[in-house]
Amino acid sequence: MSERVREQAEQLEKQKDVRQALDQTAGRPSPETAPKAATRDKVWFGSYLILLIGLGTGYYLFSLRFFGLPASMVDFLLRYTRGAILIVLVLTVAKAIEVYLIGRVHDTVNRFNLRRIMRLLIGLVTLFIIISVVFINWYTAVVSLGVVSLIFGFAMQTVLSSFIGWIYILVRQPYRVGDRIKIGDATGDVIDVSYLDTTLWEFGGQYLSTDHPSGRIIKFPNSQVLGSTVFNYSWPLFPYIWNEIKFNLAYGSDLEFVGRVMQETAEEEIGEGMMERVRVYRELLAKTPVDQLDVKEEPSVVFRVSENTWLEAIVRYLVVPKEQGRVKTRLIKKMLARLNAESERVLFPKGDNR
């Protein structure tokens, strides 16, 4: 029963990813449900309201010179109280946005990223309010903030470009956490996308010839995504890639038998579900300017002449990128067992030419 529940949960997760990808590519609106404020959120709203009432009352009393303080002290208190009121208002609006707007976003990763952006904006607005309070008037605050920003921009060009790259990743989603990608010389599964860099869990690498994790992590600045080609193997609408297995055969082999064995073995392994994905892939191609390609819905076998005077029997099939090594191993074992059982019809290279 637990295995069935796990499979149902995985199927629901895939459907959610496919729905999100369709929304992104076709602009189809998603059904929205009105989010509700949790108890913790209500406590925050209540705290902000109490702060606003207290600060507003204090501001009103200060403006009436109720405490008999000197004029300079009253002006000081009014200015800082006004700044505190603005900061609390900003926090209140931000909390409302988080609950009632960001709460509508279905995807967990997108909600996390939107909250991260909002916190950054809150920090910038709060910094601006503090500067405006310290420098008394708005003009001086704007000039001071502009000068600081100009100096900061020149000194932090690389950092700023990485931050812009992070915004690009959030908006365009060339990849997200959990995707398997290749960018430049780096290949791996995305485990974190921060403000400035992306972290991959490397697979393959210089010490491995398979797609097994290497045990290393790769960090690269987000600015790299603005000038490099990104290969994403985890697109929800078609999260598969084509793979091949190749055998060398003598010219006297029964090619019809070899082709049938290789194709039937691959069909048994990949199942009907992946062949259904090919139909989705063909439908996607039909909606693009790309000419209709000959994409088969089942594994296909081709033969060609090898450079070493042998024939090459190649079977092409669909596989999940993260499982291609395991699937290839199982297929090779099954195919060799069936082909070697008919040694008179299947002639493999022998001796030094093997």
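Each chain has its residues counted from 1, running along the sequence as written. Per-residue local features are limited, in this predicted model, to residues with pLDDT of at least 70; the limit for side-chain atom pairs, both in listing and counting, is 80 or more; totals at the level of whole chains, interfaces and linings are taken over all residues. Neither water nor hydrogens contribute to the side-chain values; these are computed over all heavy atoms in the structure.

A. Molecular detail of the pattern of salt bridges. Salt bridges are defined by distance alone: a side-chain nitrogen of Lys or Arg within 4 Å of a carboxyl oxygen of Asp or Glu. As enumerated under the stated definition, the model contains 11 salt bridges in all. The salt bridge involving Asp189 is made with Arg180; its shortest N-O contact spans 2.8 Å. By the burial criterion, Asp189 is buried, and Arg180 matches it. The shortest N-O distance in the salt bridge between Glu202 and Arg216 comes to 2.8 Å. The buried label applies to any residue whose accessible area, calculated with a 1.4 Å probe on protein chains only, is under 20% of its type's maximum; exposed applies above 50%, and partly exposed to all values in between.

B. Focus on a nonpolar patch on the surface. For patch building, the residue pool is restricted to those with more than 30% relative accessible area and no salt bridge; the joining distance is 9 Å between like charges and 5 Å between nonpolar side chains (Val, Leu, Ile, Met, Phe, Trp, Tyr). Accessible surface is estimated by sampling points in the Shrake-Rupley manner with a 1.4 Å probe; for residues, cover comes only from the protein chains shown. Taken together, the side chains of Tyr60, Leu64, Phe66, Phe67, Leu69, Met73, Phe76, Tyr80, Ile130 and Val134 make up a nonpolar region of the molecular surface, amounting to roughly 990 Å² of accessible area. Runs of H or I in DSSP of at least four residues are treated as helices and runs of E of at least two as strands, each being numbered from the N terminus. Mapped onto the nonpolar patch, the elements with two or more residues apiece are helix H3 (71-100) and helix H4 (108-134). Tracing the chain through its elements places Phe66 in the loop between helix H2 (39-63) and H3. Relative accessible area serves as the criterion here: at 58%, Phe66 is assigned to the exposed category.

C. Structural view of helix H6 (residues 157-172). What a helix is expected to span follows from its residue count: subtract one and scale by 1.5 Å. Between the first and last C-alpha of H6 there are 22 Å, a value that for 16 residues agrees with the 22 Å anticipated at 1.5 Å per step. For H6, the complete set of buried residues consists of Ser162, Gly165, Trp166, Ile169 and Leu170. Summarising the axial view, the buried residues of H6 lie within an arc of 140 degrees, below the 170-degree limit, and thus occupy one face. Seen from the buried face of H6, the exposed residues on the opposite side, beyond 90 degrees, are Gln157, Ile164, Val171 and Arg172. Count one or two residues on from H6 and you reach Gln173, which has phi positive near 55 degrees. The directions from the helix axis to the C-beta atoms form the arc being described.

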